[in-house]
Amino acid sequence: MISPLVFLLLVCAVSLGAAVVAGGTRARRAARLQRLARGWQMRFSAGDRFHLSAHVARLLPVPGAADVVVRDVAYAQDAGAYRYLFTVEYTVGVLRGKHREVAAATVTEARDCATGQPYSAVTLADAAAPLEDQYVALHDRYSPAASTSTPPAPTAPSPAAA
């Protein structure tokens, strides 16, 4: 029989180990996304420095999304607007069918709010792809003069050149 104190220490050790692993994974993901943002001449913030969560929650194209969290924000100034690429996490479902979704998303904020619509609609990436690939796809699709983040594939030499 295991004593209550040993059991408590064991549970605390397992919890601490899980927290360390999760924190390390999160830090590595943020570092990779920060490198992508630098390559695109964008700035990066691991947190929601612009308080986008409230705006994104209203504009998210998912009915009933709850507990919306924005993190890993890459941002830059486009012509007349601010462009944000970020990770959005939200809960969908009712009662027993609840589950957490994670996807990359993009939104623009008008520099001049005279238009009446300060934020564009939120565009979500394909959640089936890896998160970094989602960022790349959104950047390449929506950023003006988007440069690809991966170098072009080498081409095979033509038979005439041999």
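Residues numbered from 1 in each chain as written. Predicted model: local features only at pLDDT ≥ 70, side-chain atom pairs only at ≥ 80, totals over all residues. Heavy atoms only, no water.

(A) Inspection of the packing of helix α1 (residues 4-39) against helix α3 (residues 131-142) at higher detail. Between α1 and α3, the shortest axis-to-axis distance is 10 Å and the interhelical angle comes to 20 degrees. With respect to α3, the axis of α1 lies roughly parallel. Every pair of crossing elements has a handedness; the one defined by α1 and α3 is right-handed. Across the interface between the two elements, R29, R32, L33 and L36 of α1 pack against L131, E132, Y135 and V136 of α3. Of the residues belonging to the contact of α1 with α3, the class tally is five nonpolar, no polar and three charged. (Axes fitted to C-alpha atoms, helices over the stretch in contact; angles between N-to-C directions. Helix = DSSP H or I, 4+ residues; strand = E, 2+ residues; numbered from the N terminus. Parallel < 35°, antiparallel > 145°, perpendicular 65-115°, else oblique. Left-handed = near helix turned anticlockwise from the far one by under 90°. Contact = heavy atoms within 4.5 Å. Nonpolar A, V, L, I, M, F, W, Y, C, P; charged D, E, K, R; others polar.)

(B) Molecular detail of the environment of V136. Positionally, V136 belongs in helix α3. It is 9.6 Å that separates the C-alpha atoms of V136 and A125, two residues lying eleven residues apart in sequence.

(C) Fine view of α3. Its twelve residues give α3 an end-to-end C-alpha distance of 17 Å, which sits within 8% of 16 Å, the value for a rise of 1.5 Å per residue. The secondary structure elements touched by the buried residues of α3 are α1, β2 (66-78), β3 (81-92), β4 (99-110) and β5 (123-124). (Expected span 1.5 Å × (residues − 1).)

(D) Expanded view of the sheet that holds β3. As summarised here, the arrangement of the five strands in space is β1-β2-β3-β4-β5, forming an open sheet in which the pairing is antiparallel. Of all the strands in the sheet, the pair left with one neighbour each is β1 (43-45) and β5. Sheet topology note: the β3/β4 ladder contains twelve bridges and is antiparallel. Looking at β4, one finds that T91 is bridged to R100. Here helix α2 (residues 52-59) sits on the sheet and contacts β2 and β3; the angle it forms with β2, its principal contact strand, is near 110 degrees. Contacting β2, β3, β4 and β5, α3 runs over the sheet at an angle of about 25 degrees to β4. (Pairing = 2+ DSSP bridges.)

(E) Layout of unusual backbone geometry. Positive phi is not limited to glycine here, since Q41 has a value of about 55 degrees. Of note, Q41 is situated in the loop between α1 and β1.

(F) α1, seen in detail. Compared with an ideal rise of 1.5 Å per residue, which puts 36 residues at 52 Å, α1 spans 53 Å between its outermost C-alpha atoms and is within 8% of the ideal. Within the sequence span of α1, burial applies to A30, L33, L36 and A37. With its phi angle positive at about 55 degrees, Q41 sits one or two positions after the end of α1. (Buried < 20%, exposed > 50% of the residue type's maximum accessible area, 1.4 Å probe, protein only.)

(G) Looking closely at the side chain of Q134. Within the secondary structure, Q134 sits in helix α3. Here Q134 falls in the buried class, since its relative accessible area comes to 3%. Setting aside residues up to four positions removed in sequence, Q134 forms contacts with A103, A104, A125, D126, A127 and A129.

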